[in-house]
Amino acid sequence: MTLESGRRRTLRAGLLALVLLGAGAALAGAQEVPGKPEPGPIKMGIEPWLGYGQWHIADKKGLFAAQGLDDVEVVNFNTDADINAALAAGQLQAGNIATHTAMNFIANGLPIKIVALLDVSKTADAILTDGSATDIAGLKGKQVAYEEGTTSDILLNYALAAHGMTITDIEKVPMPASDAGAALIARQVPAAVTYEPYLTLAMQQDPKVKMIYSAGEDPGLVSDVFVVRDEFLKERPGAVAALLRAWDAALADYKADTAGGRAIIAEAVGAKPDELATAFDGVVYYSMQDNAAELPGAFTTKIVPDVEAAAVKAGILAGPVDMSGAIDARFVDAVGK
C-alpha cells in the first residue's frame with residue numbers, strides 16, 4: 001500500500017522523471033567530470049548505520065588514497081540532527097543522509113545535490129515490540145519510542161497509515177534511534193522504531209522482542225543518498241568522482257571478502273560481527289553501475305514520490321518538493337560506465 005493512488009503516483013513520477021533527467025542533461029553539458037581528483041581535504045559526515053558501511057571499508061583499506069584522495073576525514077555523528085546541522089553549516093563537504101532528509105534540505109534551499117543512491121533498507125529498519133503487540137493495530141494507545149524527523153518517523157507513520165491509523169493513535173516517546181532499542185529491552189516502552197545494528201542487538205538480548213513491521217513493506221521508503229554541497233561540486237568535481245570510485249572499490253572488496261568487510265563495518269558501528277550475522281541481509285548496497293540505471297529509473301519514478309508522500313504524512317515535509325535540478329547524475333554516469 002502506498003500513500004498515493006497508483007495512477008496519481010505514476011503520473012507525478014513520469015513528470016518528475018522528465019524534469020530530473022532534463023536537469024541532469026543540462027548539468028552534464030555544463031561541466032565535464034575530471035578523471036583525477038583535485039587536491040585538498042574532504043570532510044564527510046556519517047552515522048552508525050550499516051548502509052554506510054562501504055565508507056568504513058574504504059577508510060580502513062586505504063581505498064581513498066588508491067583513488068588519489070590524500071585527506072578524507074570520515075566524521076561520525078550519533079543523530080540525524082547533528083549531521084544535518086553540520087552539513088547545513090558547511091562544516092562538511094559531503095554527507096550520507098536519508099532520502100527524505102535530502103528532500104527536506106532541498107525544499108529549504110540548502111545548496112546540495114544528490115549524486116548517488118547508496119542503500120535501500122528492507123528489514124534493517126523496523127518496528128519492534130516487547131510481545132504485547134503482535135501487529136500494528138496492537139500499537140493503539142501504547143507508548144512507542146522513536147526519533148522524530150527521521151527514517152524511523154517516516155516508517156512509523158507509513159505503517160500506521162497502512163493500517164488505517166495515525167500518529168495520534170499511539171503515545172509518542174521521542175528519543176534517538178540508537179536508544180530506542182535499549183529502552184524497549186529495559187521495559188521502559190512496549191514498542192520502539194530503530195535500525196540495525198540496534199534491531200538485532202535488541203532481539204538477541206531479549207527473546208520476547210519481536211519485529212512486527214519493516215521497511216521491506218515498501219522497498220526504498222527507507223533509503224540513503226550521498227549528497228555534496230554545490231560549491232564543492234563546482235570546485236572539485238574530480239574529487240567527487242574519486243569518492244564514488246572509492247565506494248565502488250569498497251563494495252567490490254566487500255563482495256570478494258564479505259566476512260572481512262562485515263567485520264570492519266561491525267567494529268565501526270560498535271558491534272561484533274556475530275551479533276550482526278543476519279542484519280546485513282536487510283540492506284541492499286548500490287554500485288555506481290546500479291546507480292546509472294537507478295537514479296533516472298526507480299529512484300526518480302518510485303522512491304522519491306513514495307518518500308515525499310510519507311514524509312508529508314509524517315509532517316517532516318510541509319508539502320511537495322521541487323526536485324528539478326536536485327540530482328546530479330554526471331558522477332555515477334562517469335564512474336559507472
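Our structure is the block above this text.
Residues numbered from 1 in each chain as written. Predicted model: local features only at pLDDT ≥ 70, side-chain atom pairs only at ≥ 80, totals over all residues. Heavy atoms only, no water.

Participant: When you look at helix α6 (residues 151-162) in this model, what are you seeing that I'm missing?
Facilitator: With 12 residues, α6 ought to run about 16 Å at 1.5 Å a step, and its terminal C-alpha atoms sit 16 Å apart, in line with that. Of all 12 residues that make up α6, 11 are buried, and the element is covered over most of its length. Among the residues of α6, Thr 151, Ser 152, Asp 153, Ile 154, Leu 155, Leu 156, Asn 157, Tyr 158, Ala 159, Leu 160 and Ala 161 are the ones counted as buried. One side-chain oxygen of the residue at the start of α6 lies 3.2 Å from the amide nitrogen of Ser 152, identifying that residue as Thr 150. A positive phi of about 70° marks Gly 164, the residue just after α6. (Helix = DSSP H or I, 4+ residues; strand = E, 2+ residues; numbered from the N terminus. Expected span 1.5 Å × (residues − 1). Buried < 20%, exposed > 50% of the residue type's maximum accessible area, 1.4 Å probe, protein only. Polar contact = N/O pair within 3.5 Å; in protein donor to acceptor, adjacent residues only side chain to side chain.)

Participant: Got a minute to help me understand the side chain of Thr 99 in this structure?
Facilitator: Looking at the element boundaries, Thr 99 is found in helix α5 (residues 99-107). At a separation of 2.7 Å, a polar atom in the side chain of Thr 99 contacts the side chain of Ser 223.

Participant: Any chance you could explain the sheet that holds strand β6 (residues 143-146) here in plain terms?
Facilitator: Picture the strands of a sheet paired through backbone hydrogen bonds; they go either parallel or antiparallel. Pairing in this open sheet of five strands is mixed, and the strands run β7-β6-β8-β5-β9 from one edge to the other. With partners counted over all chains shown, the strands left at the sheet margins are β7 (171-174) and β9 (210-214), one partner each. Each neighbouring strand pair of the sheet contributes to a mean axis angle of 30°, computed without reference to strand direction. Two elements, β6 and strand β8 (residues 191-195), share two bridges in a ladder whose sense is parallel. Bridged to Val 144 within β8 is Ala 191. Together, β5 (125-129), β6 and β8 form the strand contacts of helix α7 (residues 177-185), whose direction differs from that of β8 by roughly 140°. Along the sheet, helix α8 (residues 198-205) contacts β5, β8 and β9; its crossing angle with β5, the most-contacted strand, is approximately 25°. (Pairing = 2+ DSSP bridges. Axes fitted to C-alpha atoms, helices over the stretch in contact; angles between N-to-C directions. Contact = heavy atoms within 4.5 Å.)

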